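This is what each chain is made of:
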Amino acid sequence: MHLRTIVAGLLVAGILAPAAGTLDRPAQAARSSASGIGIRLLEAPVAARADKRAWTYIIDHLAPGTVIHRRVEVFNTTGSPKQLSIYTAAAQIRDRKFQFAADHTANELSTWTTLDQHEVILAPQGRSAVTATITVPDDAAPGERYAMIWAETAKAAPPGGGVAQINRVGIRLYLDVGRGNPPASDFTIDSLTAQRSPTGQQIVLAQVHNTGGRALDLSGDLKLTNESGSLSAGPFKVQTGTTLAPGDIGSVTAALSEQVPDGPWRARIRLESGLTKRTAEATIQFPATGTAQAVKAEMDTIQYPTVALVGVVLAALAAITFLLIRRKRRSRREPSNA
C-alpha cells in the first residue's frame, strides 16, 4: 500500500483583530509540490495569530463543555476528478514523533471531532470547505490530546491482482483540556554532541527537554564560529520532525551541508516551537569517527517569548499615549503668558 502524507500551511502576519474568535486565511491555496490532493487550515484562533504552528495545525486550549468550529479546505491539483473520503482518526506522540494511527482508528479526541462532510467529489483544480466541530465533554479530564483530520483517495487493485493505492493528506490536532489559561510552553537545550556519520558527514545533536505543558514541534538552525571569530559556518537547518510531549527528552539533529575543519568550534543553536524560542551555545569538536562526548550547553539567560515582547511594546505605547493626552489636556487648562 502506497501512503503519502502532506500537511500544507501558510503563515499570516501583520493582522490586527479583536482578542477573541478566529482569523481567516487568505484566499490563495497552499499546494503540494506535486499534483495530487491537498488539505489546509482556513482559520486559526486570533490569540495565536503570530504562531505559525496555529496556521498549520489545529492547536487550542479548551475548558470542559466547550464547542469550537474550525474550517479546513481540501483541494485537487490534478487534471481529473477525485473522490475524497474525509474522516478523523487517532494520533499520538511516541518515540519523539507525532505518529498517526492506522486507517480509521479512533481515540478520545477523534470521537469529539465531527465533520459536516464525509465524502467530497472534487473537479480538476477544484476545492471544497469542510467544517470540523470539536465538542469537549463536560467531564473531560485535563491534559493534551492528539488526532488527525484526513482526506483520502483510494484506488482499487487492478484486475487480476496487484496492490491497492491509498493516498491521504491530513491536518494535526493538538487539544489541551483545562480551565483557566493554557499551560505554558517551554524547553531547555541541555547539551550538544558532535558526531560523524559512517559516510563522513558532520552532525550536531542537541538534547532538548520539554519542561512546559504543551507538545513541541522543534525547528531551528545551527551556526559555528571558531575561537578567534575569524571563521564561521552555517547556519545549518535543524532537521524537522522531532515532536516532544510534555516532560519528554529527545534529540534534534543538524547535519552540516559542507565539510568544515574538526574544530574546536563555538556552536550556537537556535530552536523554536511556535512562539517559544530558545538559544544555547557549547564548544564542540568533531571526531574522526563516531560520536564525541556530549558537552553541556549554556542557555541564553535572557529569553523573551514573542508574546511577552509584544505585551511589553503595547504597554509602553499605551503609557506614552496616556502621558501625551494628559500633557495636552494640561496645556489647554494653563493660561497663556502672552
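Residues numbered from 1 in each chain as written. Predicted model: local features only at pLDDT ≥ 70, side-chain atom pairs only at ≥ 80, totals over all residues. Heavy atoms only, no water.

Caption draft 1: Local environment of the pattern of salt bridges. Taken as a whole and assessed by the stated rule, the structure comprises 17 salt bridges. Linking Arg266 and Glu281 is a salt bridge whose minimum nitrogen-to-oxygen distance equals 3.1 Å. One end of the pair, Arg266, is in strand 20 (residues 265-273); the other, Glu281, is in strand 21 (residues 276-284), and 15 residues separate them in sequence. Salt bridges sharing partners connect three or more residues here, namely Arg266, Arg268, Glu281, Glu298 and Asp300. (Salt bridge = Lys/Arg side-chain N within 4 Å of Asp/Glu carboxyl O. Helix = DSSP H or I, 4+ residues; strand = E, 2+ residues; numbered from the N terminus.)

Caption draft 2: Broad picture of the sheet that holds strand 24 (residues 298-299). Within the open sheet, the five strands sit side by side as 17-16-20-21-24. Their pairing is antiparallel. Pairing within the sheet leaves two strands with one partner each, and these edge strands are strand 17 (232-237) and strand 24. In terms of strand pairing, strand 16 (residues 219-226) meets strand 17 through four bridges, oriented antiparallel. Of the residues in strand 17, the one forming a bridge with Asp221 is Lys237. (Pairing = 2+ DSSP bridges.)

Caption draft 3: Inspection of the packing of aromatic side chains at higher detail. Here the structure, examined in full by the defined rule, presents six aromatic pairs. Their ring planes at 80° and their centres at 6.1 Å tell us that Phe98 and Tyr146 sit as a pair that is edge-to-face. Taken together, the positions of Phe98 in strand 7 (residues 97-100) and Tyr146 in strand 11 (residues 143-155) put the pair 48 residues apart, joining distant regions of the chain. Grouping residues by exposure puts Phe98 and Tyr146 together as buried. Taking 5.8 Å as the distance between ring centres and 85° as the angle between the ring planes, the aromatic pair formed by Tyr146 and Tyr174 counts as edge-to-face. Taken together, the positions of Tyr146 in strand 11 and Tyr174 in strand 12 (residues 165-177) put the pair 28 residues apart, joining distant regions of the chain. (Phe/Tyr/Trp six-rings, centres within 6.5 Å; stacked < 30°, edge-to-face > 60°. Buried < 20%, exposed > 50% of the residue type's maximum accessible area, 1.4 Å probe, protein only.)

Caption draft 4: Broad picture of the confidence of the model for the protein. Chain-level statistics for the protein give a pLDDT mean of 82 and a share of 78% at 70 or above. When the criterion is pLDDT under 50, residues 25-33 qualifies, and its contacts beyond four places in sequence or with other chains add up to 27 contacts. In the model, residues 304-315 has pLDDT below 50 throughout and makes five contacts with residues more than four positions away in sequence or in other chains. (pLDDT = per-residue confidence, 0-100. Contact = heavy atoms within 4.5 Å.)

Caption draft 5: Local environment of the sheet that holds strand 8 (residues 113-115). A sheet is described by the order of its strands in space; here four strands give the open sequence 2-5-10-8, paired in antiparallel fashion. The sheet is open, and its two borders are formed by strand 2 (37-41) and strand 8, each paired with just one other strand. For this sheet the average axis-to-axis angle between neighbouring strands, irrespective of direction, equals 30°. Pairing analysis gives five bridges linking strand 2 to strand 5 (residues 67-76), with the strands arranged antiparallel. Counterpart to Gly38 in the pairing with strand 5 is Phe75. (Axes fitted to C-alpha atoms, helices over the stretch in contact; angles between N-to-C directions.)

Caption draft 6: A look at the environment of Thr153. With respect to the helices, strands and loops of the structure, Thr153 is situated in strand 11. In sequence terms Thr153 and Ile37 are 116 residues apart; their C-alpha atoms lie 8.3 Å from each other. With near-sequence residues (within four places) excluded, Thr153 lies in contact with Ile37, Lys82, Gln83, Leu84, Gln165, Ile166 and Asn167.

Caption draft 7: Looking closely at the pairing of strand 4 (residues 58-62). Strand 4 sits mainly inside the fold: five of its five residues count as buried. On strand 4, burial covers both faces: Ile58, Asp60 and Leu62 on one face and Ile59 and His61 on the other are all buried. Of the strand pairs in this sheet, strand 4 and strand 12 are connected by five bridges, and their pairing is parallel. When the sheet's bridge partners are listed, Ile58 is paired in strand 12 with Leu173.

Caption draft 8: Region of interest: the side chain of Arg172. In this structure, Arg172 sits in strand 12. In terms of polar contacts, Arg172 uses its side chain to reach the side chain of Tyr174, at 2.9 Å. A polar contact is formed between the side chain of Arg172 and the side chain of Asp217, at a distance of 3.2 Å. Leaving out residues up to four positions away in the same chain, Arg172 has contacts with Tyr57, Ile58, Phe98, Ala147, Met148, Asp217 and Thr243. (Polar contact = N/O pair within 3.5 Å; in protein donor to acceptor, adjacent residues only side chain to side chain.)

Caption draft 9: Quick peek at the environment of Pro64. If you trace the backbone, Pro64 turns up in the loop between strand 4 and strand 5. The exposure class assigned to Pro64 is buried, which follows from its relative accessible area of 16%. Put simply, Pro64 and Pro142 are 78 residues apart on the chain and 8.4 Å apart in space, counted from C-alpha to C-alpha. Excluding residues that lie within four positions of it along the chain, Pro64 makes contacts with Val136, Pro137, Asp138, Ala140, Val177, Gly178 and Arg179.

Caption draft 10: The side chain of His61, seen in detail. Locating His61 in the fold gives a position in strand 4. Polar side-chain contacts of His61 include one of 3.1 Å to the backbone oxygen of Gly178. From its side chain, His61 meets the backbone oxygen of Gly180 in a polar contact 2.9 Å long. Here His61 is in contact with Asp176, Val177, Gly178, Arg179, Gly180, Asn181, Pro182, Pro183 and Arg214, once residues within four sequence places are set aside.

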